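Residue-level listing of the chains:
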Amino acid sequence: MDKLNDWGAIAKEYAEKLIDYLPTLLGALALLIIGLWVIGLIVKYLDKLFKKKNFDETLEIFTINAVKWGLRIILFVLFITQLGVESASLVAAIGAAGLAIGLAMQGSLSNLAGGVLLIILKPFKVGDWIEVQGVSGTVVEISLFYTKLDTFGNQRAVIPNGELSNDNIINYSHNGTRRETLSFGISYDDDLKKAKQVLRDLVEEQEDVLKDPPPQIIVAELGADSVNFSVRYFAENSKFWDLHWYMIEEGKIRLEEAGMTIPYPQRDVYLYDQTKMNGTIEKKSAQKQDNNNSNIAD
């Protein structure tokens, strides 16, 4: 009976404490809910503002993410403080946790620093076609920690910003145009001037080939099996690949129609009758032996 009375007293005590603490808890929860709602409004407002002012998409995504997470961290600190945790204890706990997290997440912090550098230096932006870390693709997102690319085969590549910011980056979209270099080979017996004119006519007929800088058709190499032409021209990025495939196909067709031979590596193979060769060697050896014997008899 005494134990029941003790448990009842304990329950009553904690119930009174809970009732006393309930306004604080409800206030903290209300702060959390209202804070998340306000953060959502701020993020939506920033998103509309960036789109209205036509800001750089890369800067827009990075800024919105930074503001959103920064406000959430502030809200979390306010929420904990509202629950009654002392500010000094909270700061000490956050400092200790920050040190532990920093040591455990050195790679992530490196990625964060890399993301900041990418935003500041802007070696590329969303929509650019780049090549980095052995991957080529269109940039679809630059986040705080990772950059996402869509490859030519429509695969999604996710590259850590830390590695990306320290690697060589090739930005194919930066200048708006690209230079193509195609190689065509003809036989040594073909008419060099005629083949060159065929390729020149083909390039000049293409409206998508830029006139400035002017295209070049040059004899690039006297190879082991062929005379190799280098066809060089500039085209806009949006038309580059369609023109690339067409020029390869049409170049071969027109050279063949003009009577040119598209060479390929050849090897001359000579077959010898080993039996006859052995017989000839034995015959020469016998004649040599007879000559030696005759010299000795003399």
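As a convention, each chain's residues are numbered from 1 in the sequence order in which they are written. Predicted model: local features are reported for residues with pLDDT of at least 70 only, side-chain atom pairs are reported and counted for 80 or more only, and whole-chain, interface and lining totals are derived from all residues. Only hydrogens and water are set aside when side-chain values are computed; all heavy atoms of the structure are taken into account.

Our working rule: UniProt positions are given in the numbering used here, feature names are shortened, and annotations may be inferred rather than shown by experiment.
The name given to the protein chain in an unreviewed UniProt entry is Small conductance mechanosensitive channel, with Salegentibacter agarivorans as the source organism. As stated in UniProt under Subcellular location (unreviewed entry), the record for the protein chain gives "Cell membrane". Per UniProt, the comment on the protein chain under Sequence similarities (unreviewed entry) is "Belongs to the MscS (TC 1.A.23) family."

1. Looking at the UniProt feature "transmembrane region" (unreviewed entry) in the protein chain
Under the convention used in this document: Counting from the N terminus, the helices are the DSSP runs of H or I reaching at least four residues and the strands are the DSSP runs of E reaching at least two.
Per the UniProt entry, the sites bearing "transmembrane region" (unreviewed entry) are residues 25-46, 66-85 and 91-121 in this numbering. Span residues 25-46 is 100% helix and 0% strand, its end C-alpha atoms 31 Å apart.

2. Some words on helix α6 (residues 192-205)
Selection rule: The span one expects for a helix is its residue count, reduced by one, times 1.5 Å. Think of it in three bands: residues with accessible area under 20% of the maximum for their type are buried, residues over 50% are exposed, and the middle band is partly exposed, with areas taken using a 1.4 Å probe on protein chains only. Here the arc refers to the directions that run from the helix axis out to each C-beta atom. For this analysis, residues touch if any pair of their heavy atoms sits within 4.5 Å. The term polar contact refers here to a pair of N or O atoms within 3.5 Å; inside protein, the definition further demands a hydrogen-donor-capable atom paired with an acceptor-capable atom, and it admits residues adjacent in sequence only when both atoms are side-chain atoms.
Along its 14 residues, α6 runs 20 Å from first to last C-alpha, staying within 8% of the 20 Å computed at 1.5 Å per residue. By the burial criterion, the buried members of α6 are Ala195, Val198, Leu199, Leu202 and Val203. Here the buried residues of α6 occupy an arc of 130° about the axis, which is enough to place them on one side. Where α6 is buried, its residues contact β6 (177-186), β7 (216-222), β8 (227-236) and α7 (240-257). Looking at where α6 begins, the residue whose side-chain oxygen comes 3.1 Å from the main-chain nitrogen of lysine 193 is aspartate 191.

3. Points about the sheet that holds strand β3 (residues 146-151)
Spelled out, the test is: When DSSP locates at least two bridges between a pair of strands, those strands are taken to pair.
The strand order across the open sheet built from 5 strands is β4-β3-β2-β1-β5, with neighbouring strands paired in antiparallel fashion. If you trace the sheet from one side to the other, it starts and ends with β4 (156-160) and β5 (170-171), each paired once. Relative to β3, strand β2 (residues 135-142) is paired through 5 bridges, and the arrangement is antiparallel. Residue threonine 138 lies in a different strand from β3, and its bridge partner there is aspartate 150.

4. Things to note about the pattern of salt bridges
What counts is decided by this rule: Salt bridge, as applied in this entry: a Lys or Arg side-chain nitrogen positioned within 4 Å of an Asp or Glu carboxyl oxygen.
All told, the structure shown has 7 salt bridges when counted by the stated rule. In this structure, the salt-bridge partner of arginine 254 is glutamate 205, at a minimum N-O distance of 2.8 Å. Residue arginine 254 is found in helix α7, and its partner glutamate 205 is found in helix α6; the two are separated by 49 residues along the sequence. Lysine 239 is the salt-bridge partner of aspartate 208, the closest N and O atoms lying 3.6 Å from each other. Pair noted here: aspartate 208 is in the loop between α6 and β7 and lysine 239 is in the loop between β8 and α7, with a separation of 31 residues, a long-range link. Using a relative accessible area of 31% as the deciding quantity, one classes aspartate 208 as partly exposed. Via salt bridges that share partners, Glu205, Glu250 and Arg254 belong to a single interconnected network.

5. Some thoughts on the packing of aromatic side chains
What counts, and what does not: Here the aromatic set is Phe, Tyr and Trp, taking the six-membered ring for Trp, and pairing holds for ring centres within 6.5 Å; pairs whose planes are under 30 degrees apart are stacked, those over 60 apart are edge-to-face, and all others are tilted. Only when the NZ atom of a Lys or the CZ atom of an Arg is both within 6 Å of the ring centre and within 35 degrees of the ring normal do we say a charge sits over the ring.
Scanning the entire structure with this criterion turns up 5 aromatic pairs. On the numbers, 6.3 Å between centres and 85° between planes, the contact of tryptophan 129 with phenylalanine 152 is edge-to-face. Here tryptophan 129, found in strand β1 (residues 129-132), pairs with phenylalanine 152, found in the loop between β3 and β4; they are 23 residues apart in sequence, far enough to count as distant. One aromatic cluster is present, formed by Trp129, Phe152, Phe240, Trp241 and Trp245 through successive ring pairs. Geometry around phenylalanine 240 places arginine 178 over its ring, the cationic atom sitting 4.2 Å from the centre.

6. A short note on the sheet that holds β7
Note the cut-off: Whenever a helix is involved, its axis is fitted only over the stretch in contact; in every case the axis is a line through C-alpha atoms, and angles between N-to-C directions fall within 0 to 180 degrees.
Read across the open sheet, the 3 strands follow the order β6-β8-β7; overall the sheet is antiparallel. Of all strands in the sheet, those with a lone pairing partner are β6 and β7, marking the two edges. This sheet shows a mean twist of 25° between the axes of neighbouring strands, independent of strand direction. Taken strand by strand, α6 contacts β6, β7 and β8, and its axis lies near 15° from that of β8. Contacting β6 and β8, α7 crosses the sheet at an angle of about 20° to β6.

7. Side note on the pairing of β3
Side-chain direction in a regular strand flips from residue to residue, so the side chains alternate between the two faces of the sheet. Side-chain alternation along β3 places Thr147, Leu149 and Thr151 on a buried face and Tyr146, Lys148 and Asp150 on a face that remains uncovered. Pairing of β3 with β4, which is carried by 5 bridges, proceeds in the antiparallel orientation. Within β4, the residue paired with threonine 147 across the bridge is isoleucine 159. Connecting β3 to the antiparallel partner β4 that follows it, the hairpin turn spans 4 residues, and asparagine 154 within it adopts a positive phi of roughly 65°.

8. Focus: the pairing of β7
Here β7 pairs with β8 via 6 bridges, running antiparallel. When the sheet's bridge partners are listed, isoleucine 218 is paired in β8 with serine 230. The turn joining β7 and β8, which pair antiparallel and follow one another in sequence, is formed by 4 residues.

9. What about the side chain of glutamine 206?
By the secondary structure assignment, glutamine 206 is in the loop between α6 and β7. Looking at glutamine 206, the relative accessible area reads 11%, which means it is buried. Contacts of glutamine 206, omitting those with residues within four sequence positions, involve Lys211, Leu243, Tyr246 and Met247.

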